[in-house]
Amino acid sequence: RDKLPAEPLVSVIIPTFNRRELVVRAIESVLAQTYRHYEIVVMDDGSTDGTAEAIARLAGPIRYFQQPNRGLAAARNGAIRRSQGPLLALLDSDDAWTNDKLARCVAYLQ
């Protein structure tokens, strides 16, 4: 087995569809993490509620992609295909994390 680097990049995968306010809250919970070596990969599954504009106002390592509406699994898989880290963390767009979530997960995996 390969050993993880001291600070592996964690790709936070967030699929979303028409949850403008909720996905912003989810992203903000990632931006507040104590573990800082992450990227946020958002796959918008055809939202029509201004999700793109709301996410564009956020600052941070956010990679935003859009696709025609094909469902949750297709959105999640599309985001995973675009991820760059050796570790994946899945976050639903209607959820939020405590600020130590990634630190605890990475420590456990190491």
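Residues numbered from 1 in each chain as written. Predicted model: local features only at pLDDT ≥ 70, side-chain atom pairs only at ≥ 80, totals over all residues. Heavy atoms only, no water.

What's the story with unusual backbone geometry in this structure? I'm lost.
Residue Asn18 is not a glycine yet carries a positive backbone phi of 50°. Looking at the secondary structure, you find Asn18 in the loop between strand 1 (10-16) and helix 1 (20-31). (Helix = DSSP H or I, 4+ residues; strand = E, 2+ residues; numbered from the N terminus.)

Sorry if this is basic, but what is going on with the sheet that holds strand 1 here?
Backbone-to-backbone hydrogen bonds join strands into a sheet, with any given pair of strands oriented parallel or antiparallel. Taken together, four strands build an open sheet; the order of strands is 3-2-1-4 and the sheet is parallel. One side of each edge strand has no neighbouring strand; the edge strands of this open sheet are strand 3 (62-66) and strand 4 (87-90). Across the sheet, the axes of successive neighbouring strands diverge by a mean angle of 25°, strand direction being ignored. Examined bridge by bridge, strand 2 (residues 38-44) and strand 3 share five bridges and lie parallel to one another. Bridging from a neighbouring strand, Ile40 pairs with Ile62 of strand 3. Taken strand by strand, helix 1 contacts strand 1, strand 2 and strand 3, and its axis lies near 170° from that of strand 2. (Pairing = 2+ DSSP bridges. Axes fitted to C-alpha atoms, helices over the stretch in contact; angles between N-to-C directions. Contact = heavy atoms within 4.5 Å.)

Help me out: how do you make sense of the nonpolar core in this one?
One broad trend across soluble globular proteins is that nonpolar side chains are buried collectively. Within the largest apolar cluster, 22 residues are counted, with the highest numbers of intra-cluster contacts made by Val10, Val12, Ile14, Ile27, Ile40 and Leu102. Secondary-structure elements contributing two or more residues to this core are strand 1, helix 1, strand 2, helix 2 (51-56), strand 4 and helix 4 (101-109). Looking at this core, the element that brings in the most residues is helix 1, giving five residues. Once residues within four sequence positions are removed from consideration, Ile40 is found in contact with Val12, Ile14, Ile27, Val30, Leu31, Pro61, Ile62 and Arg63. In this structure, Ile13, Met43, Ala75 and Ala79 belong to the second largest nonpolar core, which totals five residues. (Core = buried A, V, L, I, M, F, W, Y, C linked by side-chain atoms within 4.5 Å. Buried < 20%, exposed > 50% of the residue type's maximum accessible area, 1.4 Å probe, protein only.)

Can you help me understand the pattern of salt bridges in this one?
Should the charged atoms of two oppositely charged side chains come close, the side chains can pair. In the structure shown here, the tally under the stated rule is five salt bridges. The salt bridge involving Asp92 is made with Arg76; its shortest N-O contact spans 2.9 Å. Placement of Asp92 in the loop between strand 4 and helix 4 and of Arg76 in helix 3 (residues 72-82) is noted, with a sequence separation of 16 residues between them. (Salt bridge = Lys/Arg side-chain N within 4 Å of Asp/Glu carboxyl O.)

Note that every value here comes from positions in space, so none of it alone points to a role or purpose.
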